[in-house]
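# Architecture and fold: a report
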Amino acid sequence: MTTDLLTGREPEAGALPASGARQAWRRLRARKSALAAAAVLGLLVLIAVAAPLLAALEGQDANSYHDTLVDSARGGVPFGDFGGVSAEHWLGVEPGTGRDLFVRLVYGARVSLLVAVGATAVQILVGVGLGLAAALGNRFVESVLTHITDVMVAMPLLVFAIALMAVVPADFPRPVLLAIAIGLLQWGGMARLVRAQTMSLMKLDFVSAARLTGGSTWRVARRELLPSLAAPVITYAAVLLPTNIVLEASMSFLGVGVKPPTPSWGHMLSSATTWFRADPMYVLLPALMLFVTTLAFTVLGDGVRTALDPREASRLRVGRSRRKARTSGAGGAA
Amino acid sequence: MTGYLLRRAAGALGVLLVLSVVVYATFYIAPGDPARLACGPRCNPEQIAQVRDQLSLGDPVYLQFWHFLQGIVAGHDYSTGTAVLHCDAPCFGLSYQNNQQVTDMLIERLPATASLAVGAMAVSLLLGTATGLLSALRRGGATERVLTWLTLAGTATPVFISGLGLLMLFCAYLAWLPFPSYVPLTEDPEQWAWNMLLPWVALGLLESAKYARLTRSSLLETLAEDHIRTFRAYGVAERKLVTHHALRGAVGPVIALSAADFGSMFGGAILTEMMFGLPGIGALLVHATTTLDLPVVVAVVMVTGTAVVIANIVADVLYAAADRRVALR
Amino acid sequence: MTSEPRTSEPLVAVSGLSVAFPAGDGGRAGGGLVRAVDGLSFTVPQGGSLGIVGESGSGKSTAAYALLGLHRDTGAEVTGAVTVAGHDVQAADDAALRRLRGGVAAMVFQDPLSSLDPYQAIGDQIAEVYRVHRRDASRRAARARAAEVLDRVGIPDAARRARSRPHEFSGGMRQRALIAMALACEPRLLVADEPTTALDVTVQAQILDLLRDLRAETGMGLVLVTHDLGVAAGSVDELLVMKDGRAVERGPVRTLLDTPGETYTRDLLAAVPRVGVRRPGAGVRGAGADDAPLLEATGLTRRFGRGKDAVTAVDDVSLTVRPGETVGVVGESGSGKTTLGRMLVRLLAPTGGELRYRGRDIGGLKERELRAFRSELQMVFQDPVSSLNPRRSVGESIADPLRAAGKLDDAAIVARVRELLERVGLDPGVYHRYPHEFSGGQRQRIGIARALAPEPKLIVCDEPVSALDVTTQAQVVRLLGELQRDLGLALVFIAHDLAVVRQVSDRLVVMRGGRIVEEGPADTVYEEPRHAYTKGLLAAVPRLEGAEAPA
């Protein structure tokens, strides 16, 4: 009844977001940082897609050794300045082996993005499915799924993922395995979010009204719930992407990720730890790529979050809201 | 309260039981022949058979699992052909690599991991909440924007990048610090602290970004609530609104997150341990994984799981203590 | 404080006040300004009282907030002059403004729960405010003062209850605590923004009494902002009617209510439902008692939760609805009326008792078995915002039950929806519009159209007009009455507002604590209530008329 003090607008007029996508897009475009991040990511995707093309352009490949370019007397440090930068090797060569750094970085982007996107897809699939099931299922289903989710959220992913690598056959393609492992181990947050969102949507009258139409539960879920879940799911996926990139890099860094000789930023950084005094370029390049990628994803994720719903940001901490809901539930009976 | 704790403990036991089933199935049943792994690559079939007998691998799966649980709860006796080796509870078996008791290996690694966890926690909590508080106090200003970008950069920097950077800067170029090599606290507290300094900062910086964001968002969320408007309408100064009223709302989430983080650090600070060569549990796990030392892998997963489950109960209790509105049920 | 203001000077002087908010997305995009208050002027004499009334969007709260300078630093553009007890609010620096807030003019907000700090004891919160304005006061003195004012506003055992946190208080006690906070520093002016809107009618009466007593005792002035003319009628000397940010009319309360000068005021007054007025044409068409009941609840019970936390929301309720009649259900918050309503249409399953629809027990049916009955039992919801899916066009929302039934083809469905839109008084061309483009009243009409779509026999209306302004309320109530007459619908009309229920009901059910305390023909219950609770409820309803209530 009263006017909202902060905005001066009637609660009736704008309490729920309008037909979302277009407005969100407008808000996203208004954020310069998000636009810049999107541009950086677009460039990265382009680089990853065009990796073979770029390699051909430079005239090098990822796995050829160039013994002549490294100084075996000094333990394999590349000849020349900046880690052996030359017209043939644009970003120099890898110490020890003399492999071309530019090509390896470019192919590394491919691995990094593929694993991260794949893992996020798995997380969305499993998280949305189980979250919906937990919210709509009966008491037994709900309690089982909630407990499993609690375990999944709590467990340190890296420990499990590393442990898993010990038992999976060595000939299984590693990037695929990484995507599946990260995805299957890290869906807990998504499931919690979807469950909490669904539960609060179920309390809204338009869902009750839809139930009164006599349609099946699946019909109600598909027509009323899924469209409203899209925004929070996209937002959370945008948060998960950079996490997944770092996870892949971390596992490769530890030697349990992508198998050499497949190029990976994490793996390059790990071998760089022994070279950083003699060849700092070898540290800086993959570190910079990884940092820029993660930062761009994080900034874009932040932008998407505020664009889709300014108030959504707070709801992302679903662990907390679950506890709050438990306390306020008693009064909601009548 | 007691009833709550009992119920949570029962729930935790259930979770750990499920975890042990999953872990056992994944590591002892799925990968094929543990006896071959335990015996090593140069074993002949007879030796493998002997090992299989030792590990009771001929028994039905449920019986093997029962023995596994029994070992954890009550200990286990291993016959090594002639002698009987007793393994005290909690027994996770013997390492495939050196026949050492896995539990002893873990205990040996614990001090380094604990040192890292405690110090990094302190750094991240102090730095994170201070940053979050400052950016909430200076909201709308240049300070906030700088801090927001710093925390964004912090969350985007994996620990092996920041760690590498710190090593290059302080140990290689400036040479202010020695390259870290772990010295136990009991041996030489001063050297312990100097050597832990970089790992603490590296891990603490990363974690502090998380706390800064959480503190800031909790503060801003509370500042938008109606009761803040009430005190503003009664002449309470803006700074006091943040420190006296809004901060209370941020305490609960921060404490809860830090308790949960602390639990997961017992297995999760792997990268930092590897980066700085700390002989901790995480480094043990990586080594065990690359050498396929399954009992060690299983033990680390179980111990980490237990730490996390306990930490989560502690987190919930602390959260409820900070927010009196939350009733523990 | 500063100098003692002269008595000739008015307590509040507002002239040419305008408040504008930046429009658009959080003010980021370069939108224009929305003028919430536009050239408002009024005065309140020392110790006087003014009621600012108006419908939503009239700018009444915005104007009240300006009295304490609460728009400062919010991005709002404030022009004009505001003087409170000799202090120029617009010109005051931040420190002076803080001294004014609470010390000279104190504010009471609408929602007492969210307006108090949930983490701190109520006494401490009051003590904190006291020490902001009395810097020399010790902690102990501030605590004593808190207990004193809490005692004054009628909190029993105040010294001990001062240590309670807000969630341990009831709604009425919280509002008393907020008023105590306002009293702490002996302000000269109390600004109350919808202070009783979140409260039940009996508690509302107590709070209004308290405000009257306090004014008589302390001589402080009052600015009361309310949408409810009845609340204002008994509490203030003067009224200011606002519309679209401007003053429509201002004058002594009785004069203005009895002989309104402006058309808008007259319309507003005409729309206010009167609890003392019979429903026009009531009794003429009440359903015959011999009709077979449409819906029959026997011993209906609903419990939530398990073990010692279990709450019985509806407890052994028996109720009969016959074809074509309207059963009004009234009760305060927590009476279980909404739970009952949701059980009647089987959105909720009863945990006990029997629910028969045309003789068939539907109380225990599973979701799948219920589908056959869904079309005949419909519901109109309270909240016009959440009852329509914001991501679907209103036409599709209305078409939903028709599509689910699958009997009509697409063209027939669209034609039927257009017909329904027209039937509820909307342009059939709005089919493809989205909910946010409609006002609250229009959305309720859409909700009614949706309920009508499957041609139901009974509609449960759960507080269908409580979120609407009085003029819109009257229109929607009239629409429901017409539809019922034309279509022969049975209605269950649930509301907390006794006057609104009287406008529509043939029979009345009064609920309290999950049980029915009184039941009977509507006029009988209103005019000769038997149960003490009903009597109290009726006595607490604020009335526009003077002391006497015409029959």
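Predicted, not measured: the structure shown is a model, and the values here were computed from it.

A separate point is the UniProt feature "domain: ABC transporter" (unreviewed entry) in chain C. In the numbering used here, UniProt assigns the "domain: ABC transporter" (unreviewed entry) feature to residues 12-269 and 295-538 of chain C. The distance from the first to the last C-alpha atom of residues 295-538 of chain C is 28 Å, and the span holds 38% helix and 26% strand.

Right, let's get into the sheet that holds strand 9 (residues 238-243) of chain C. All names here are of chain C. The sheet built from six strands is open, its strands ordered 6-7-8-3-9-10 with mixed pairing. Edge positions in the open sheet fall to strand 6 (105-108) and strand 10 (246-252), since each of these has one partner strand only. Direction aside, neighbouring strands of the sheet carry axes that sit 15° apart on average. Against the sheet, helix 6 (residues 171-183) contacts strand 6 and strand 7 (189-193), and its axis sits at roughly 170° relative to strand 6.

What follows is about the pairing of strand 16 (residues 377-380) of chain C. All names here are of chain C. Alternating residues of strand 16 divide into Leu377 and Met379 and Gln378 and Val380, and every residue in both groups is buried. Two elements, strand 16 and strand 17 (residues 458-462), share four bridges in a ladder whose sense is parallel. Following the sheet pairing, Val380 is matched in strand 17 by Cys461.

Among the nonpolar cores identified, the biggest contains 348 residues, and Ala161 and Ile162 of chain A, Leu285 of chain B together with Leu67, Leu189 and Val223 of chain C are the most heavily contacted of them. Sort the elements by how many residues they give to this core and helix 5 (residues 101-136) of chain A lands first, with 18 residues. Every residue in contact with Val223 of chain C, bar those within four places of it in the chain, is listed here: Val12, Val44, Leu50, Ile52, Ala64, Leu67, Leu189 and Val191 of chain C.

All names here are of chain C. Spatially, the four strands line up as an open sheet ordered 12-11-14-15, and their pairing is antiparallel. Bordering the open sheet on either side are strand 12 (311-321) and strand 15 (360-361), each of which pairs with just one other strand. Note that strand 11 (residues 295-304) and strand 14 (residues 352-357) share five bridges and pair antiparallel. Paired with Glu296 across the bridge in strand 14 is Arg356.

With that settled, the discussion passes to the interface of chain A and chain B. With 40 residues of chain A at the interface, the matching set in chain B holds 47 residues. For the side of chain A that touches chain B, the element with the most residues is helix 13 (residues 280-308) of chain A, which contributes eight residues. Class assignment for the residues of the side of chain A that touches chain B results in 27 nonpolar, eight polar and five charged.

Residue and element names in this part refer to chain A. Mapped onto this structure's residue numbering, the UniProt feature "transmembrane region" (unreviewed entry) falls at residues 34-57, 111-136, 148-170, 176-194, 225-247 and 281-301. Taken as a whole, residues 34-57 contains 96% helix and 0% strand, while its terminal C-alpha atoms sit 31 Å from one another. What you have in residues 225-247 is 100% helix and 0% strand, and the ends, taken at the C-alpha atoms, are 31 Å apart.

Residues and elements named next belong to chain C. In the Ramachandran plot, Asp316 falls in the positive-phi region, its phi being about 55° despite a non-glycine side chain. Here Asp316 shows up in strand 12. The partly exposed category is assigned to Asp316, around which 14 C-beta atoms lie within 10 Å. Here Glu463, not a glycine, exhibits a phi torsion of approximately 45°, which is positive. Structurally, Glu463 is set in the loop between strand 17 and helix 16 (470-487). Owing to 20 C-beta atoms within 10 Å, Glu463 belongs among the buried residues under this scheme.

How each quantity is defined
- Residues numbered from 1 in each chain as written.
- Chains lettered and ligands numbered in written order.
- Predicted model: local features only at pLDDT ≥ 70, side-chain atom pairs only at ≥ 80, totals over all residues.
- UniProt positions renumbered as here; feature names shortened; annotations may be inferred.
- Helix = DSSP H or I, 4+ residues; strand = E, 2+ residues; numbered from the N terminus.
- Pairing = 2+ DSSP bridges.
- Axes fitted to C-alpha atoms, helices over the stretch in contact; angles between N-to-C directions.
- Contact = placed C-beta atoms within 7 Å.
- Buried ≥ 20, exposed ≤ 12 C-beta atoms within 10 Å, placed from the backbone.
- Core = buried A, V, L, I, M, F, W, Y, C linked by C-beta atoms within 7 Å.
- Nonpolar A, V, L, I, M, F, W, Y, C, P; charged D, E, K, R; others polar.

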